[in-house]
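Each chain, written out:
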Amino acid sequence: MAEKIAFVESFLKCPVCLETFKDPVSLICNHSFCSSCLKTCWEQAENKNCPTCKRRSSKSYPINFALKELADLFAGRQKAGSSGAEKEEKVDVMCSKHEAKPEYFCEDEDRAVCPVCEFSLHHGHKVVPVEEAVAGLKEQLKSDLESLQDKREKHKQVEETYNEVIQHSKKQLLSTERQIRAEFKKLQQFLKEEEESRLAALREEEEQKGKTISRELKKIQEQISSLSQSICAVEEELQKHSVSFLSSYKPTQTRARVQCSVSDPQLVSGALIDVAKHLGNLSFKVWEKMRDRVHFSPAILDPNTANPCLYLSDDLTSVRREDTTKQLPDNPERCTYYADILGSEAFSSGRHSWEVEVGNHPYWLLGLAKESVDRKDKIFATPESGIWCLFHRSGKYTNGDGKNVPVKKNLQRIRVELDYDRGEVSFYDSEDMNHIYTHRDTFTENIYPFFSIGDAGAAKTTDVKICYSDENVL
């Protein structure tokens, strides 16, 4: 009899821990191990070979319930909930038919399993101990928590940028108002009505854009509040007891994942005041009343696109580069990588021209750029990048393809001509109208005047200036 018992004992003994099986699993090679022992072996070996015969196992295996019940019977183990320690443990969820604590979790049905009455219902399913299931699910929920926190951080970054836009917009309001008043001060009293009309338009735009920003900001704040609530809910779930957690984690996880799938907030374009609309060609627009005192600039610089190291004149026709960098919001229109700035008016057809005075400035690029040009990252000023320009540096002139352009003398003033329909961007020496170079391409979108300013160094000319003209088209 003793020999038979010893034989049965050896049959029911795990070859790893040398104890009677607990939660045994059987591999394809028919060798069996405690599920925890097999998991430990696989983690240590960093493979899924059988610890006994080394045969490769390509997947995890469910608990062998027949072998488990035999091993439990042999070892004299009681069903879950019958031991003194388990009776002392506080359990939130019990089987409705038995005073037994669920010890297993069915991953196929996503629920806890009663060890007394439900074993036979889960043959062939992937069943794991509750502790293992809780650990895995909590890891998933922790990952969801990190996603929520990352999502909230992105919302906060956009919120911060919006706040910067609001502050800068208020500064623009004050600055633009001052310039408008200075411009109108040059005019006689009979222009007062025109002046007040334009100030009203400026304030109306600021109010309308302020409302737009407030709406977007409210959405951001609501999302942040919702994300914060979800984060709190997830954190509360992670503190719950294992079985209680299994009964309530799903809605919290579902809500968290839904919120994580929501697209990140984006700054809307055009949030800043369109300063160029209010200041550009201001005098020309009232030329019928003050014809003998007005000047017209065929191109106006857009301060909302200016790199923070560029400084513009009050009339938005000249620009210089300085070492001091201004604090400006990173709105979508702004050029941030290079010292670039675009004109305020887009061209989509017809012929246009303007002249630029460069003097003896040692480093500049002039031409046009498409609306979709990358304004945030490093690119080369080439037609392939959407920029058609003439480049000057240290006395040498090159085109957008990097080829030298021969000139008879140093250029002081350059005429830029665009024929959108024919796909031509041409450059001339304004002093004698000698042709310098022509880019030929096919334009398919809006294009803007383009300027890039380098360090002036010791040069006498520090500003690159758009010259006044009597006409804006050829």
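Notes on the structure follow. Quantities reported herein were computed from a predicted structural model and do not represent experimental measurements.

Conventions we followed
Residues numbered from 1 in each chain as written. Predicted model: local features only at pLDDT ≥ 70, side-chain atom pairs only at ≥ 80, totals over all residues. Heavy atoms only, no water. Phe/Tyr/Trp six-rings, centres within 6.5 Å; stacked < 30°, edge-to-face > 60°. Helix = DSSP H or I, 4+ residues; strand = E, 2+ residues; numbered from the N terminus. Buried < 20%, exposed > 50% of the residue type's maximum accessible area, 1.4 Å probe, protein only. Lys NZ or Arg CZ within 6 Å of the ring centre and 35° of its normal. Polar contact = N/O pair within 3.5 Å; in protein donor to acceptor, adjacent residues only side chain to side chain. Axes fitted to C-alpha atoms, helices over the stretch in contact; angles between N-to-C directions. Parallel < 35°, antiparallel > 145°, perpendicular 65-115°, else oblique. Left-handed = near helix turned anticlockwise from the far one by under 90°. Contact = heavy atoms within 4.5 Å. Nonpolar A, V, L, I, M, F, W, Y, C, P; charged D, E, K, R; others polar. Salt bridge = Lys/Arg side-chain N within 4 Å of Asp/Glu carboxyl O. Pairing = 2+ DSSP bridges.

For the coordinates displayed, the defined rule picks out seven aromatic pairs. A ring pair is formed by Tyr420 and Phe443, whose centres lie 5.3 Å apart and whose planes are at 45 degrees; its orientation type is tilted. Placement of the pair is Tyr420 in the loop between β13 (413-419) and β14 (424-429) and Phe443 in the loop between β15 (434-440) and β16 (447-453), with a sequence separation of 23 residues. Since its relative accessible area comes to 9%, Tyr420 is described here as buried. In this structure Phe443 comes out as buried when scored by relative accessible area, which is 10%. Within the aromatic cluster, the residues linked to one another by ring pairs are Trp388, Tyr420 and Phe443. The ring of Phe245 carries Lys138 above its face, with NZ or CZ at 5.6 Å from the centroid.

Turning to the side chain of Lys151, a few remarks are in order. Relative to the elements of secondary structure, Lys151 occurs in helix α5 (residues 130-185). Of note is the side chain of Lys151, whose polar atom sits 2.6 Å from the backbone oxygen of Val262. Separated by 2.8 Å, the side chains of Lys151 and Asp264 make a polar contact.

Examined against the element boundaries, Ser452 turns out to sit in strand β16. For Ser452, a relative accessible area of 11% gives the class buried. Polar side-chain contacts of Ser452 include one of 2.6 Å to the side chain of Asp340.

This part is about the packing of helix α6 (residues 192-238) against helix α7 (residues 242-261). Taken N-terminus to C-terminus, the directions of α6 and α7 make an angle of 155 degrees; their axes are 10 Å apart at the nearest point. It follows from the interaxial angle that α6 and α7 lie roughly antiparallel. Between α6 and α7 lies a crossing of left-handed hand. Contact with α6, carried on its side by Ser226, Leu227, Gln229, Ser230, Ala233, Val234 and Glu237, involves Phe245, Ser248, Tyr249, Thr252, Arg255, Ala256 and Gln259 of α7 and no other residues of that element. Partitioning the contact of α6 with α7 into residue classes produces six nonpolar, six polar and two charged.

Okay, the pattern of salt bridges next. Applying the stated criterion to the full structure yields 24 salt bridges. Between Arg257 and Asp144 there is a salt bridge, with the nearest N and O atoms lying 3.2 Å from each other. Residue Arg257 is located in helix α7, and its partner Asp144 is located in helix α5; the two are separated by 113 residues in the primary sequence. Given the relative accessible area of 40%, Arg257 is considered partly exposed.

This part is about the sheet that holds strand β7 (residues 318-321). The seven strands are arranged β6-β7-β17-β9-β13-β14-β15 in an open sheet whose pairing can be described as antiparallel. Because the sheet does not close on itself, it has two edges, and the strands there are β6 (310-312) and β15. Neighbouring strand axes in the sheet, compared pairwise and without regard to direction, differ in orientation by 20 degrees on average.

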